[in-house]
Amino acid sequence: PFGVLRKQVTHNLLLYAAWMVVELPGMIVTYTTRYPDASIVYYAALLIRRVLLAGQGVYWFILILAEALLISGLLLIRRKEKILYILAAVGMLLRVVYKTDLSFWGLGYLNKLFYIVFSWDNNVVMSGLPFVTIGIFFARNEKRLKISQGILPAGYGILSMVSVILFILAYRLRPTLIYLI
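Residues numbered from 1 in each chain as written. Predicted model: local features only at pLDDT ≥ 70, side-chain atom pairs only at ≥ 80, totals over all residues. Heavy atoms only, no water.

Scored by pLDDT, the chain comes out at a mean of 80, with 80% of its residues at no less than 70. No element of the chain has a lower mean pLDDT than helix α8 (residues 177–180), which averages 46, and none a higher one than helix α3 (residues 60–77), which averages 89. (pLDDT = per-residue confidence, 0-100. Helix = DSSP H or I, 4+ residues; strand = E, 2+ residues; numbered from the N terminus.)

This is the structure:
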């Protein structure tokens, strides 16, 4: 199993690296234009964050998929499936908090921390692990799941999103509702 995991992660990273070679000059021009007085260290930090943690432009999913496959694969090989499900649930919760821009109970600081580290929510914590874990769950249970069994989780998901939207509207928070829908 580890050989297959290594091969898939390596292929994704090589594909991502090829695109980063193409995109790197544009990133350098963008950062030096946007922050003309910044130091070389600041530029390097921005590039490291963008290339290694957040992914660039439309290619972010290749990096995030490779990172999520590596983490989930290692957890599954070590038979730590419950830890994977917990990480995915926490990541999805953090994604909702980040997308809705909640600022009470110190959540605004949490959002700022994730912005500083990843620069957006399309990262391995909030996107990669939750969505790869959902795929793993369905792949492992496809023969046992019936359409009728999907109605309850789907209904729960819809009600959760509607309740979050109503909560946001009731408290006049500044959400990015387009991402919640």
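Attention now moves to the packing of aromatic side chains. One pass over the structure, following the stated rule, counts four aromatic pairs. Seen from their ring centres, Trp19 and Tyr59 are 4.5 Å apart, and the 15° between their planes marks the pair as stacked. With Trp19 in helix α1 (residues 2–34) and Tyr59 in the loop between α2 (40–54) and α3, the pair connects residues that are 40 residues apart, well separated along the chain. Among the residues examined, Tyr59 registers a relative accessible area of 15% and is labelled buried. Ring plane angle 75° and centroid distance 6.4 Å describe the contact between Tyr85 and Phe137, whose orientation is recorded as edge-to-face. Of the two residues, Tyr85 is situated in helix α4 (residues 81–100) and Phe137 in helix α6 (residues 124–141); the sequence distance between them amounts to 52 residues. With relative accessibility at 28%, the residue Tyr85 sits in the partly exposed group. (Phe/Tyr/Trp six-rings, centres within 6.5 Å; stacked < 30°, edge-to-face > 60°. Buried < 20%, exposed > 50% of the residue type's maximum accessible area, 1.4 Å probe, protein only.)

Within the element layout of this structure, Thr133 appears in helix α6. Polar side-chain contacts of Thr133 include one of 2.6 Å to the backbone oxygen of Leu129. With residues near it in sequence (within four places) discarded, Thr133 still touches Leu84, Tyr85 and Ala88. (Polar contact = N/O pair within 3.5 Å; in protein donor to acceptor, adjacent residues only side chain to side chain. Contact = heavy atoms within 4.5 Å.)

Before going further, it helps to examine unusual backbone geometry. Despite not being glycine, Arg79 shows a phi value in the positive range, around 60°. Tracing the sequence through the fold places Arg79 in the loop between α3 and α4.

In this section: the environment of Phe131. Here Phe131 shows up in helix α6. Overall, Phe131 belongs to the partly exposed group, its relative accessible area being 42%. Along the primary structure Phe131 and Met92 are separated by 39 residues, whereas in three dimensions their C-alpha atoms are 8.6 Å apart. Not counting the four nearest positions on each side in its chain, Phe131 is found in contact with Met92 and Arg95.

Now for the nonpolar core. Formed by Tyr16, Met20, Met27, Tyr31, Tyr43, Leu46, Leu47, Val51, Tyr59, Ile62 and Leu63, the largest nonpolar core amounts to eleven residues. When contributions to this core are tallied by element, the ones reaching two or more residues are α1, α2 and α3. Among the nonpolar cores identified, the runner-up in size contains eight residues, and Ala68, Leu76, Leu84 and Val132 belong to it. (Core = buried A, V, L, I, M, F, W, Y, C linked by side-chain atoms within 4.5 Å.)

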